[in-house]
Amino acid sequence: MEGEELSRRLVGKFPAVVVEPFRETAGRVRFPPEILLDLFREMRDGLGFDHLGQVGAIDWVEEREVFYTLWSDREKQYVFLSTRVPASAPHLESLTPVFSSANWHEREAWELVGIEFDHHPDLRPLLTPTGYEFHPLLRSFQLHEPEGLEVKVRDV
Amino acid sequence: MSEMWINMGPQHPMTHGLWNLRVKIDGEIVLDVDPEMGYLHRGIEKISEDRHYNEIITLMDRTCYVAGIAWEHLFILAAEQALHVEPPERALWIRMLSEEFQRVASHLMWYAAFVQDIGLMSPFLYGMRDRDLVLDLFQSYTGGRLTYEYMRVGGVRNDLPPGFAEQARKVCDWLLDRFVEYDRLCSGSDIFHRRCDDLGVVKAQDCIRLGITGPMLRSAGVPRDLRKDRPYAAYDRVDFDVATAETADVTGRYVVRMEELRQSVRIIRQALDWLDKNPGPVMADNVPRWMGAPYAPVGREGYLLKREYPKGVGFSAIEEPHGEALAYVVNEGGEHPYRVKLKSPVFVNLSAARHYLVGYRVADIPPIMGSVDICVGEVDR
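The structure contained in this document is the topic of the report that follows.

About the thresholds
Per chain, the residues get numbers from 1 upward, laid out in the order the sequence is written. Here the convention is simple: chains get letters from A, ligands get numbers from 1, in the order in which they are written. Residues qualify for local features only when their pLDDT is at least 70, as the model is predicted, and side-chain atom pairs are given and counted only at 80 or more; totals for whole chains, interfaces and linings, by contrast, use all residues. To obtain the side-chain values, all non-hydrogen atoms of the structure were included, while hydrogens and water were left out. Helix and strand definitions follow DSSP, with helices as H or I runs of at least four residues and strands as E runs of at least two, each counted in order from the N terminus. Remark: exposure states derive from per-residue accessible area (1.4 Å probe, protein chains only) relative to the maximum for the residue type, with buried under 20%, exposed over 50%, and partly exposed in between. Contacts are assigned to residue pairs with any non-hydrogen atoms lying within 4.5 Å of each other. Surface exposure here means Shrake-Rupley accessible area, sampled with a 1.4 Å probe, where a residue is shielded only by the protein chains that are shown. For this analysis, a ring pair means two rings from Phe, Tyr or Trp (six-membered ring only for Trp) whose centres lie within 6.5 Å, classed as stacked if their planes differ by under 30 degrees, edge-to-face if by over 60, and tilted for the remaining angles. Whether a charge sits over a ring depends on NZ of Lys or CZ of Arg being within 6 Å of the ring centre and within 35 degrees of the ring normal. A simple way to read buried area is as the amount of 1.4 Å-probe accessible surface that goes missing from two parts once joined, with both sides added. When a carboxyl oxygen of Asp or Glu lies within 4 Å of a side-chain nitrogen of Lys or Arg, that pair is called a salt bridge. Between N or O atoms, a polar contact is any pair within 3.5 Å; within protein, one atom must be a potential hydrogen donor and the other a potential acceptor, and residues adjacent in sequence are included only when both atoms are from side chains. Note on pairing: two strands pair once DSSP finds at least 2 bridges between them. What counts as an axis is a line fitted to C-alpha atoms, over the stretch in contact for a helix, and the angles between N-to-C directions run from 0 to 180 degrees. Should an angle fall under 35 degrees it is called roughly parallel, over 145 degrees roughly antiparallel, and 65 to 115 degrees roughly perpendicular, with every other angle called oblique. Two helices that cross are described as forming a left-handed crossing if the nearer one is turned anticlockwise from the farther one by less than a right angle, and a right-handed crossing if clockwise. Side-chain classes follow a simple rule in which Ala, Val, Leu, Ile, Met, Phe, Trp, Tyr, Cys and Pro form the nonpolar group, Asp, Glu, Lys and Arg form the charged group, and the remainder, Gly included, forms the polar group.

**Here's the deal with the overall build of chain A**
Point 1. Per the secondary structure count, chain A includes three helices and eight strands.
Point 2. The linear arrangement of helices and strands in chain A, starting from the amino end, is α-β-β-α-β-β-β-β-α-β-β.
Point 3. Counting across all 156 residues of chain A, residues that qualify as buried make up 52%.
Point 4. The contacts in chain A between residues at least 6 apart in sequence include a share of 51% that link residues at least 24 apart.
Point 5. Carbon together with sulfur atoms contributes 50% to the accessible area of chain A, which is approximately 7500 Å² in total.

Right, dumping it as structure tokens:
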């Protein structure tokens, strides 16, 4: 499936999505968070992208981006989808009703980047210890330099 | 009998790494399971945000400690896209050769651990012995046996040493003979089949629903292999078959991995032939020399040099020994990546544990989990 076809088939149903070419995939789909479940149902049932590869998140300080990768065995292609939520209210609907395999991915994105997945069946920490109150992959979580070792950086 | 929760792990012969499987049992029957991960969480993705690209290669080796070079390959493919670098052709073939050797080493390690789980001691020693031959080859051209730091943005660190091809061909011949022996020991044995048949069944449509990839998916009859479906490196220029099985059980996964070992040797032989005929550079010209150097960039006065790269994103997918691995690298122009996201196939295969363990007996858990081939390093990262 080429990018134009993906765009034609998606934009008709979801006028708010933007499809752009992306790294040897069918394309990168940017979508508003409200249509998440409907869009993924269409991707799975209508377009055949039925294998969820990953769910991840990036902290852009003011906003947080959540990205998804789907694979279609029929098309032999990936599609990359992403949406953004404000950092002040990082809420997003859980994808588990459509792709049950999103469960652990969303637990990880929640504990590491602090995305609150609404209606997730089991939002517990996965990798960090119980009671750990930080979201370590936020930009505000600084790795400190080892004591006594000063690394000087110079422009060249 | 009353129901209860028991812990299998974090120190348990079944776990092969540090993780805990909580199991709810009624007598011998498994009613529910809940894997507890995180014992090996080192924050590799976070540390990567604070490291130079060369330094991240070191971290990638530690991501999966039995398939280090496959993870280097995954990261390098994404980093090259993000940094707009094109490697020379010979480097692609050496990377493919390395990845296949790594697949052989990883599958032999799996074989050794798996047969020990089901109570066979001698095949364990045979598997480890033959894996050592592959590690010797790795040592001869990367210097490392487990963690290699061999691949670089723009190519690989050094070319293969003289005499490597002959040695590698000898190992290939030896391995092919031994694989016949393995088959006679295991899949030709009635005891093996009684222990493993119809255990941990995950049918094809369930695999896809649960996101399972790799040998587990192929054992359900789905011929999905990224080396064929979405070729990277030089995989579109070698002949090999995708191994599949129909039974979708523990035996099926064994059959798939055994066939993959033979196919890997087939790819290695073709790669060795090509490399013999096509000498050339192994690093791209437009990469600064220090990027190919074995150590981090250090200037005249011992200061680290500050570099700026053009912005870019990279997305790569490879067929790692355990399944589909994905990397997403965002470069915002600094000298460190802004974000590195790694997706491990074992992470997903393990998240479906409830599906393939519930209903079986406690004694079935070690062979089933053994057949999943767990590497905790890449789950926890």
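**Some details on the environment of Ile44 of chain B**
All names here are of chain B.
Point 1. With respect to the element layout, Ile44 can be found in helix H1 (residues 44–48).
Point 2. In sequence terms Ile44 and Asp380 are 336 residues apart; their C-alpha atoms lie 8.9 Å from each other.
Point 3. With residues near it in sequence (within four places) discarded, Ile44 still touches Leu59, Met60, Arg62, Thr63, Leu342 and Arg381.

**Points about the packing of aromatic side chains**
Point 1. With the rule as written, the count across this model stands at 34 aromatic pairs over all chains.
Point 2. Relative to Trp274 of chain B, the ring of Trp93 of chain B has its centre 4.5 Å away and its plane inclined at 0°; by these criteria the two rings are stacked. Of this pair, Trp93 of chain B sits in helix H4 (residues 89–117) while Trp274 of chain B is found in helix H11 (residues 250–277), placing the two residues 181 residues apart along the sequence.
Point 3. Looking at Trp274 of chain B, the relative accessible area reads 14%, which means it is buried.
Point 4. Each ring, one from Phe138 of chain B and one from Tyr148 of chain B, has its centre 4.6 Å from the other, and the planes form 35°; the classification is tilted. Within this pair, whereas Phe138 of chain B is found in helix H5 (residues 122–142), its partner Tyr148 of chain B is found in the loop between H5 and strand S4 (151–152), the two being separated by 10 residues in sequence. Taken individually, Phe138 of chain B and Tyr148 of chain B each receive the classification buried, so the pair is uniform in this respect.
Point 5. Here the aromatic cluster, defined as three or more aromatic residues joined through ring pairs, consists of Phe22, Phe67, Trp71, Tyr78 and Phe80 of chain A together with Phe315 and Tyr328 of chain B.
Point 6. Its guanidinium or amino end placed over the ring of Tyr338 of chain B, Arg139 of chain A lies 4.0 Å from that ring's centre, counting from NZ or CZ.

**Examining the interface of chain A and chain B**
Point 1. Listed per partner, the contact involves 46 residues of chain A and 50 residues of chain B.
Point 2. Approximately 4500 Å² of surface area, both sides summed, lies buried where chain A meets chain B, with 58% of it carried by carbon and sulfur atoms.
Point 3. Between chain A and chain B we count five salt bridges in total.
Point 4. A salt bridge links Lys341 of chain B to Glu108 of chain A; the shortest N-O distance between them is 3.9 Å.
Point 5. Taken together, the connections running from chain A to chain B amount to 15 residue pairs in polar contact (both at pLDDT 80 or more).
Point 6. At the level of secondary structure, the elements contributing two or more residues to the side of chain A that touches chain B comprise strand S3 (51–60), strand S4 (63–72), strand S5 (77–86), helix H3 (102–113) and strand S8 (153–155) of chain A.
Point 7. No other element matches S3 of chain A, which puts 10 residues into the side of chain A that touches chain B.

**Some remarks on the sheet that holds strand S3 (residues 29–36) of chain B**
Residue and element names in this part refer to chain B.
Point 1. With respect to topology, three strands assemble into an open sheet ordered S1-S2-S3, the strand pairing being antiparallel. Here the strands that pair on one side only, and so sit at the sheet edges, are strand S1 (3–8) and S3. With direction set aside, neighbouring strand axes in the sheet form an average angle of 20°.
Point 2. Alignment of strand S2 (residues 20–26) against S3, held across seven bridges, turns out to be antiparallel. Directly across from Lys24, in S3, lies its bridge partner Asp32.

**Remarks on the packing of H5 of chain B against helix H6 (residues 164–185) of chain B**
All names here are of chain B.
Point 1. Following both chains from N to C, one finds H5 and H6 inclined at 165°, their axes separated by 11 Å at the closest point. As judged from the angle between their axes, H5 and H6 are roughly antiparallel. You can see that H5 and H6 cross each other, and the crossing is left-handed. Of H6, the residues touching H5 (which contributes Pro123, Tyr126, Gly127, Arg129, Asp130, Leu133, Val134, Leu137, Ser140 and Tyr141) are Phe164, Gln167, Ala168, Val171, Trp174, Leu175, Arg178, Glu181, Tyr182 and Leu185.
Point 2. When the residues that make up the contact of H5 with H6 are grouped by side-chain class, the tally is 13 nonpolar, three polar and four charged.

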